[in-house]
Amino acid sequence: MKIVSDLDALRAQVAAWRSASETVAFAPTMGALHEGHLSLVELGKAHASRAVASVFVNPTQFAPHEDFDAYPRDLDRDAALLAGAGCDLLYAPDRHAMYPDNFATSVNVAGVSAPMEGAMRPTHFAGVAVVVCKLLNRVQPDIAVFGEKDYQQLQVIRRMVADLDMNVQILGAPIKRDHDGLALSSRNAYLNAQERVVAGRFNVILAEAVNALRRKTPIASALDEAKAKLLEVGFKAVDYVELVDPDSLMTIAGDILSQPARLIAVARIGNVRLLDNMAV
Ligand code: AMP
């Protein structure tokens, strides 16, 4: 696996592949890699002859009080994991090369960015959109793979790519989970042993809500019950448990579920916000 931080070297390699009629899949990450990230590379490799991954802790998607400085960084470990997953090139740009002092552009995706994470973290998706736009322009892949773990982010990127006529196919990868069903996340490393046990209840409680909704339990009671159970098992707070349209992310109106939906939730434990979601 090649490791490059220079944009010209990245472009030269991708151009060489292209002139040999190869196709390129791309998985952007912030590093601190786990099986979830590696599954994106594997899915990319199943759809293209070459896989590129990036590791870049993107400052613009963190609010000033968030964990940008503390975010775990270990490029050697990430490189070894990516190589093992069949990645052909790791792109690890430098912060200043991505955002020079005179950087002035923002990318705002209205609508899908607004609810849930957008309401809790008002500048987050603009930061995600600008960095993904830049990375897609830099790598110019045929396919880009994003995890359903960050379901709203996936929809924001789909919207941006469609609206800006970007010539890339977006693939969503299923959520990779730990032995007890906890969605893998780089931030799970912040949990202590006791918090980790509680965290394992998150997916179970959401799955119970999914079952209740399928049994035609009124939507409001299924969501309220999930929130109450999360607090009961030891979560410090529940930021939201929402039932939304899988594409528009609009809240599903009505008493009883009668259409495909996505259950999306964020709950806090210790200093960690855990995100999870499931198809209903
Ligand atoms: P991050 O490094 O957290 O920015 O995530 C990079 C990419 O990996 C995003 O597309 C995430 O949605 C995806 N990802 C993170 N965790 C998982 C997981 N448990 N399963 C599948 N994809 C994931």
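Above this text is the structure in question.
Conventions we followed
Residues numbered from 1 in each chain as written. Predicted model: local features only at pLDDT ≥ 70, side-chain atom pairs only at ≥ 80, totals over all residues. Heavy atoms only, no water. Helix = DSSP H or I, 4+ residues; strand = E, 2+ residues; numbered from the N terminus. Buried < 20%, exposed > 50% of the residue type's maximum accessible area, 1.4 Å probe, protein only. Polar contact = N/O pair within 3.5 Å; in protein donor to acceptor, adjacent residues only side chain to side chain. Contact = heavy atoms within 4.5 Å. Pairing = 2+ DSSP bridges. Axes fitted to C-alpha atoms, helices over the stretch in contact; angles between N-to-C directions. Parallel < 35°, antiparallel > 145°, perpendicular 65-115°, else oblique. Left-handed = near helix turned anticlockwise from the far one by under 90°. Nonpolar A, V, L, I, M, F, W, Y, C, P; charged D, E, K, R; others polar. Near = heavy atom within 4 Å. Areas by Shrake-Rupley, 256 points an atom, 1.4 Å probe, with all protein chains shown as cover.

A.B. asks: Describe the side chain of R262, and please don't skip the residues or the numbers.
C.D. replies: Here R262 lies in strand 8 (residues 262-269). A relative accessible area of 10% places R262 in the buried class. Only 2.8 Å separates the side chain of R262 from the side chain of N277, close enough to count as a polar contact. When sequence neighbours within four positions are dropped, the list of residues in contact with R262 reads E148, Y151, E242, L243, V244, P246, N277, M278, A279 and V280.

A.B. asks: Give a detailed account of the sheet that holds strand 7 (residues 237-244), specifying residues and quantitative values.
C.D. replies: Read from one edge to the other, the open sheet built from three strands follows the order 7-8-9, with strand pairing classed as antiparallel. Looking at which strands have only one partner, the edges of the open sheet turn out to be strand 7 and strand 9 (272-279). Averaged over all pairs of adjacent strands, the angle between their axes in this sheet comes to 10°, without regard to strand direction. Here strand 7 runs beside strand 8; their pairing, made up of seven bridges, is antiparallel. Residue pairing for strand 8: Y240 is matched across the bridge by V266. Its contacts with the sheet put helix 10 (residues 219-232) on strand 7 and strand 8, and the angle it makes with strand 7 is roughly 155°.

A.B. asks: If you had to explain the packing of helix 9 (residues 202-214) against helix 10 to someone new, which residues and values would you point to?
C.D. replies: Axis separation between helix 9 and helix 10 bottoms out at 9 Å; the angle between their running directions is 165°. Overall, the two elements helix 9 and helix 10 adopt an arrangement that is roughly antiparallel. When you trace helix 9 past helix 10, the crossing you get is right-handed. Contacts between helix 9 and helix 10 involve F202, I205, E208, A209, A212 and L213 from the former and I219, A222, A226, K229 and L230 from the latter. Along the lines of polarity and charge, the residues of the contact of helix 9 with helix 10 split into nine nonpolar, no polar and two charged.

A.B. asks: Let's hear about the site of the ligand: which residues, and what values?
C.D. replies: Lining the immediate surroundings of the ligand are 16 residues, of which M30, G147, D150, K176 and L184 lie closest. Between M30 and the ligand, the recorded distance is 2.9 Å, taken from a backbone N or O atom to an oxygen atom. Considered on its own, the ligand offers 490 Å² of accessible surface; in the complex 92% of this is hidden by protein. For the shell around the ligand, the secondary structure elements donating two or more residues are strand 2 (24-29), helix 2 (35-47) and strand 5 (143-147). Counting residues per element, the shell around the ligand draws most heavily on helix 2, at three residues. Grouping the constituent residues of the shell around the ligand by class yields seven nonpolar, six polar and three charged.

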